[in-house]
Amino acid sequence: MCLLAAVLSAPDAAVAKASVSGPVRVIDGDTLDIGGTRVRLFGIDAPEADQTCRTEQGQVWACGAWVTDQVRTRFGGRQAVCEPITTDRYGRVVARCSVRGEDVGQSLVSDGLAFAYRRYSQDYVLAEKGAAVRDMGLHASRVQNPSQFRQTRAVGRIPENRACVIKGNISRAGAKIYHVPGQRDYERTGIRPETGERWFCSVTEARAAGWRAAKR
């Protein structure tokens, strides 16, 4: 998934009415590539790939990666048919998808691999409640709401000054590295001023301050 929660637009004529079909390639718990089309599953919200959860005993575990693996095992490579509903701000098709007649969103929520995305739909609320009662999947752990996790993670990743978007990061080894928009690690890099990290308004400024360019 992306850095911030996708804001879904109301269904309109701009959304293609034709079904999207093809083999499934799993991106994360609620995002798929269907025959080359990027699809965001409608009405559900799964943990981010780098999100962690905590067991009742206090053990932290990589629940986001686990969910992605579970979805990949279930649906990866299988033929899906998706009915478009709208598009989101990232240009993804937002759709209900099925595999051999099985509603993918319903399946994931019912088994505790995702949550009902109440902000946009009430379709899977009962399925989520059923999974919670049975302690299915994520419901057996303490998990932060994915949208809240995205908001928390965004702190330090979005520049307050839109003219100064270069990220001056300091690695664990103490190396000062700057990242510019479009580089591989730009989106995931957060800036913590309390550790000496900072934002730069230009590459020249970053280099003059002693930062070197990220390799990728």
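Residues numbered from 1 in each chain as written. Predicted model: local features only at pLDDT ≥ 70, side-chain atom pairs only at ≥ 80, totals over all residues. Heavy atoms only, no water.

1. A word on the state of the cysteines
1) Next: This structure, assessed with the given rule, holds 3 disulfides.
2) Next: A disulfide bridge connects Cys53 with Cys63, and the sulfur atoms are separated by 2.0 Å. Handedness here is read from the sign of the S-S torsion; for Cys53 and Cys63, about 75 degrees, the answer is right-handed. Here Cys53 is found in strand β5 (residues 53–54), whereas its partner Cys63 is found in helix α1 (residues 63–75), with 10 residues between them in sequence.
3) Next: Taking relative accessible area as the criterion, Cys53 reaches 3% and is therefore assigned buried.
4) Next: Here Cys164 pairs with Cys201 through a disulfide, and the sulfurs are 1.7 Å apart. Here Cys164 and Cys201 share a disulfide; its torsion about the S-S bond, 70 degrees, makes the bridge right-handed. You can see Cys164 sitting in the loop between α4 (146–154) and β11 (166–170) and its partner Cys201 sitting in the loop between β13 (198–200) and α5 (203–208), a full 37 residues away along the chain.
5) Next: The exposure class assigned to Cys164 is buried, which follows from its relative accessible area of 10%. (Disulfide = S-S within 2.5 Å. Helix = DSSP H or I, 4+ residues; strand = E, 2+ residues; numbered from the N terminus. Buried < 20%, exposed > 50% of the residue type's maximum accessible area, 1.4 Å probe, protein only.)

2. Looking at the packing of aromatic side chains
1) Next: Applying the stated criterion across every chain yields a total of 3 aromatic pairs.
2) Next: Both rings, one in Tyr117 and one in Tyr120, keep their centres 4.9 Å apart while their planes meet at 85 degrees; by these two values the pair is edge-to-face.
3) Next: Classification of Tyr117 by relative accessible area gives buried; the value is 8%.
4) Next: Consider the rings of Phe200 and Trp211, whose centres lie 5.0 Å apart with planes at 65 degrees: the pair is edge-to-face. Taken as a pair, Phe200 in strand β13 and Trp211 in the loop between α5 and β14 (212–213) lie far apart in primary sequence, 11 residues in all.
5) Next: Overall, the relative accessible area of 6% leaves Trp211 in the buried class. (Phe/Tyr/Trp six-rings, centres within 6.5 Å; stacked < 30°, edge-to-face > 60°.)

3. So, the pairing of strand β1 (residues 20–28)
1) Next: Bridging between β1 and strand β7 (residues 79–87) involves 4 bridges; their strand directions are antiparallel. Directly across from Pro23, in β7, lies its bridge partner Gln79.
2) Next: Two strands pair when backbone bridges link them, and β1 and strand β2 (residues 31–34) are joined in this way by 4 bridges, in the antiparallel orientation. In the strand pairing of β2, Val26 is matched with Leu32. (Pairing = 2+ DSSP bridges.)

4. Observations regarding the confidence of the model for the chain
1) Next: With 91% of its residues at a pLDDT of 70 or more, the chain shows a mean pLDDT of 89.
2) Next: Taken as a whole, residues 1–16 scores under 50 in pLDDT and shows 51 contacts with residues more than four places along the chain or in a different chain. (pLDDT = per-residue confidence, 0-100. Contact = heavy atoms within 4.5 Å.)

5. A word on the side chain of Ser141
1) Next: Within the secondary structure, Ser141 sits in the loop between α3 (125–133) and α4.
2) Next: Among the residues examined, Ser141 registers a relative accessible area of 13% and is labelled buried.
3) Next: A distance of 3.1 Å separates polar atoms of two side chains, one belonging to Ser141 and the other to Trp61.
4) Next: If we skip the residues at most four places from it in the chain, Ser141 touches Cys53, Arg54, Thr55 and Trp61. (Polar contact = N/O pair within 3.5 Å; in protein donor to acceptor, adjacent residues only side chain to side chain.)

6. Details of unusual backbone geometry
1) Next: Backbone geometry places Arg100, a non-glycine residue, at a positive phi of 50 degrees.
2) Next: Along the chain, Arg100 falls in the loop between β8 (93–99) and β9 (102–103).
3) Next: With relative accessibility at 80%, the residue Arg100 sits in the exposed group.
4) Next: If you check the backbone angles, Asp135 has positive phi at about 55 degrees while not being a glycine.
5) Next: Mapped onto the secondary structure, Asp135 falls in the loop between α3 and α4.

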